[in-house]
Structures are given as structure tokens and as C-alpha cells.
Amino acid sequence: MKVLITGTGGMGAHISKVLIDNNVDTSLYGTCRQTEAISKIVDIDKIEMHKGDILDAAKIESVIKDNDIDHIIHTAGPRATQCRNHDYVNESETGIRVHTMGTSNILEAARKLGVKRVIYTSTGSVYLANKVHPPDGTFIKETDAVVPFDSSDIYASGKVACEYQGFNYAKAYGIEFASIRMAHVYGPWPGEMGRGRSVGEMVDAFLNDQEITVEEQVAQWTYLYDLAEEHYAALTSPNLEHGIFNAGSGTISGLSDVKDILGKKGDVSKIHVDTSKPGSKKFPFDMSAAADKLNFENKYDLEAGVENLISYYSKKLNKVKFYNLYLSETFGTNDKRKKLFNQLREN
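Fair warning: this is a prediction, and the values are worked out from it, not measured in the lab.

K.L.:
Mind showing me how you'd approach the nonpolar core here?
P.N.:
For soluble globular proteins, the rule of thumb is that nonpolar side chains tend to be buried together. If you look at the biggest cluster of nonpolar residues, it comprises 46 residues, and the most contacted ones within it are L19, I119, W189 and L294. Per-element accounting of this core gives the leading share, 7 residues, to helix α9 (residues 224–236). Look past the residues within four positions of L294 in its chain and what remains in contact with it is E230, A233, A234, S237, L240, F245 and A289. Listed in part, the 24 residues of the second largest apolar core include V203, W221, I271 and L309.

K.L.:
Help me out: how do you make sense of the pattern of salt bridges in this one?
P.N.:
Once the charged atoms of two side chains with opposite charge are near each other, the side chains can pair. Applying the stated rule across the entire model yields 12 salt bridges. Residue D21 is joined to K17 by a salt bridge in which the shortest nitrogen-to-oxygen separation is 2.8 Å. Of the two residues, D21 and K17 both sit in helix α1 (residues 10–21), 4 residues apart, roughly one turn of that helix. Here K264 makes a salt bridge to E303, at a shortest N to O gap of 3.5 Å. With K264 in the loop between α10 (255–263) and β11 (271–274) and E303 in helix α12 (residues 302–328), the pair connects residues that are 39 residues apart, well separated along the chain.

K.L.:
What am I meant to see in helix α3 (residues 57–66) here?
P.N.:
Taken as a whole, α3 has its buried residues at I60, E61, V63 and I64. Seen along its axis, α3 keeps its buried residues to an arc of 160 degrees; they face one direction. Opposite its buried face, α3 presents the exposed residues A58, K65 and D66, each directed more than 90 degrees away.

K.L.:
So what exactly am I meant to see when it comes to unusual backbone geometry here?
P.N.:
Most peptide bonds take the trans configuration, and most residues that are not glycine carry a negative phi. The backbone phi angle of C32 is positive, close to 60 degrees, even though this residue is not glycine. Assignment of secondary structure puts C32 in the loop between β2 (25–30) and α2 (35–39). Relative accessible area serves as the criterion here: at 17%, C32 is assigned to the buried category. Located in the positive-phi region is N239, a residue other than glycine, with phi close to 55 degrees. On the secondary structure map, N239 appears in the loop between α9 and β10 (242–247). The exposed category is assigned to N239, whose relative accessible area is 75%.

K.L.:
Just checking my understanding: could you explain the sheet that holds strand β6 (residues 176–182) for this structure?
P.N.:
Backbone-to-backbone hydrogen bonds join strands into a sheet, with any given pair of strands oriented parallel or antiparallel. Ordered by their spatial adjacency, 7 strands build an open sheet running β3-β2-β1-β4-β5-β6-β10, and the pairing between neighbours is parallel. In the strand order of this sheet, the two ends are held by β3 (48–51) and β10, each with one partner. Strand after strand, the sheet turns through a mean of 20 degrees between neighbouring axes, direction not considered. In this structure, β2 lies alongside β3, joined through 4 bridges in parallel fashion. Residue pairing across strands places L28 opposite M49, the latter belonging to β3.

K.L.:
For this particular structure, what's the right way to read the packing of aromatic side chains?
P.N.:
Two measures describe an aromatic ring pair: the distance that separates the ring centres and the angle between the ring planes. Considering all chains together, one arrives at 10 aromatic pairs under this definition. Centroid distance Y120 to F177: 6.5 Å. Interplanar angle 20 degrees. Geometry classified as stacked. Taken together, the residues span a long stretch of sequence, with Y120 in strand β5 (residues 117–123) and F177 in strand β6 at a distance of 57 residues. With a relative accessible area of 2%, Y120 lands in the buried category.

K.L.:
Mind showing me how you'd approach the pairing of strand β4 (residues 71–74) here?
P.N.:
Taking every second residue as pointing to the same face, both faces of β4 are buried, with H71 and I73 on one and I72 and H74 on the other. Here strand β1 (residues 2–6) runs beside β4; their pairing, made up of 4 bridges, is parallel. Within the sheet, the bridge partner assigned to L4 lies in β4 and is I72. Taken together, the 4 bridges between β4 and β5 define a ladder with parallel strand orientation. Residue H71 lies in a different strand from β5, and its bridge partner there is R117.

Cut-offs and rules
Residues numbered from 1 in each chain as written. Predicted model: local features only at pLDDT ≥ 70, side-chain atom pairs only at ≥ 80, totals over all residues. Heavy atoms only, no water. Core = buried A, V, L, I, M, F, W, Y, C linked by side-chain atoms within 4.5 Å. Buried < 20%, exposed > 50% of the residue type's maximum accessible area, 1.4 Å probe, protein only. Helix = DSSP H or I, 4+ residues; strand = E, 2+ residues; numbered from the N terminus. Contact = heavy atoms within 4.5 Å. Salt bridge = Lys/Arg side-chain N within 4 Å of Asp/Glu carboxyl O. Arc of directions from axis to C-beta. Pairing = 2+ DSSP bridges. Axes fitted to C-alpha atoms, helices over the stretch in contact; angles between N-to-C directions. Phe/Tyr/Trp six-rings, centres within 6.5 Å; stacked < 30°, edge-to-face > 60°.

As C-alpha cells, this is what we get:
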């Protein structure tokens, strides 16, 4: 199996790591603006990096052909806030084009070049944009209604449009296609991130004993590691054909809950969560389809995810401390400086 992942952000980086850990021949395609951040997640010497625009159909086809790609995971696309605010590289229409035409380019390249399977990174916003919510106490299923025609949510509408394209190609040309509808994302990522960065900022402030105030976000917080693993499960699942799969933790929680978890570890008097603004009602995902058809189950609930983030940020903090100590010993003995440098490198 030779896999092309489009999108060189946090999701692409974490999926790359899962693939490399499973000895899968992996290529990344995208803007490559955050190569340093990617290198903090996965050994980039083990993947092929291809800089290119998702709107450049010829370049995409060239990369697929030259690298004998037979599977694609398509994560490339603007964040929700970029689409909803019509603010993507200061061009109002580009966010929509990146979604729809970018996906079209991937599917058409897959058809022309005999790619077996395309996994598409979608969003749970397709449900939230729907005005008819499920009854309280129930879980959202893949068969539930999605964004209606009269919605103003361009991001959700764009994602649904891409899903339709994928299923059209699956039916017409036999390309295996799966859409992974992700819930609210958080986890270790040193690059650009959407609203999910708030959890990491809280952990970072907690470890550094710094004051921080965040606006409450009640959501289905889902760890990056689990989302990457579900993409891999869809990539390798036998007899997939085509389908939609929810990707969420199955529980609704808020940043107040993150604070409570941190409170079990130490003093959180400097961590503040502003709960003054009421949020919209959220519903958890039914994850039975992923369990039954992909043999996938989440490993991280919110507490386990926060604890993993504490470990991640602690290592970063230790590196800074070692580095500062190393600088303070610049004029010390060579042996002492060498010992400090080795400690810095190991951490």
C-alpha cells in the first residue's frame, strides 16, 4: 500500500505518524508551510513531502503517478472559521473552491490513475447545522439529517457537497470511498489550530503557573490520536466499498471539565473559564458503525487526553529548561556543556 495524504496541518501530520508506525509507505501533499511543526509529530525523513496546491490538478496527478499511489486520505481544506467568515487568504471564494474543487481534483485523479480507495476528512458540523435536533439523551447517527438548503453554514454545506462527490465516484467508477465526520478536535500540535487549541493553552498555562482566561466551549472533545487512528482503520478496513463514519468521543464536555481534570493535578486558581455566554446544544455521536465496520474504538476520553497533553507540554517545558541551563553554562567546561546538550537532545 502506498498512501498520499493531502493537507499538511495537524490532522495530516498525525495520520502520517500512524501510517509510519504501521510501516505504510506515506507521502504528504500540501502547502508545507508548517514543516517544522510536522517534524515534532512524525519523522519527516520517513515520508515524502510534496509542496503543491490542492487546486493544481496536474500536479496532484503527477505526484500520484510518480509515487505509485493506490490509496488517498484527503484532509486538505480550510478551517471552519475561515469558510464561515469568508476569510481564506483574503479571497472570499477560495475557501469554498478549496473544498469542492480540491476534492473534485482528488477524485478525478483517483479515477484516471486507478487509485483504489479515498478517505475523506469531513466534519460533525454537517449535523449541527441542521435545525432539527435529535431527542435529548440520544446519539447522532450517520443516517440523521444534515445541513438543510436554507442554512448559512458554508463550511458544513461544502463538506456535504464533497461527500456527495465521493459517493458519486464510488457508484459511477467503483472507487472505494469513506467520509470521516470528525467532532471537535484537540491534542498535541505546535502549528496552527482552530478552537481546539484552547485545551492545550490551558494545559500550558497550568504547567507554567500562568494566568489564563478562556471562553467556555461545550463540545464533543475528541483527541487527535483517536481521529488519526480512525482514518487508518478506514484506510485498511476490508470490503469497505463506501460509507460514512462518525468520529467522536461519544461524550459532551466543556473547558470547565478540563479545568476540573487539571485541578486533580495541582493548583488551578490561575485558570479561568468564562461561562457567561450561552452555547448551542450539543449531541454526542453514535460510534457503533465505526466499531462494527471498521473495528475501531476510541482510546482517549477527556481525562486521558488531558493527561497525555500534560505529558506532551511537560516534555516541551523540560526542553526549554535544559536549553536555558545549557546557555547559562556556555562558558563552563566542555564536559559539562556536552552532558547538558545530551540531556536536551534526549528530552
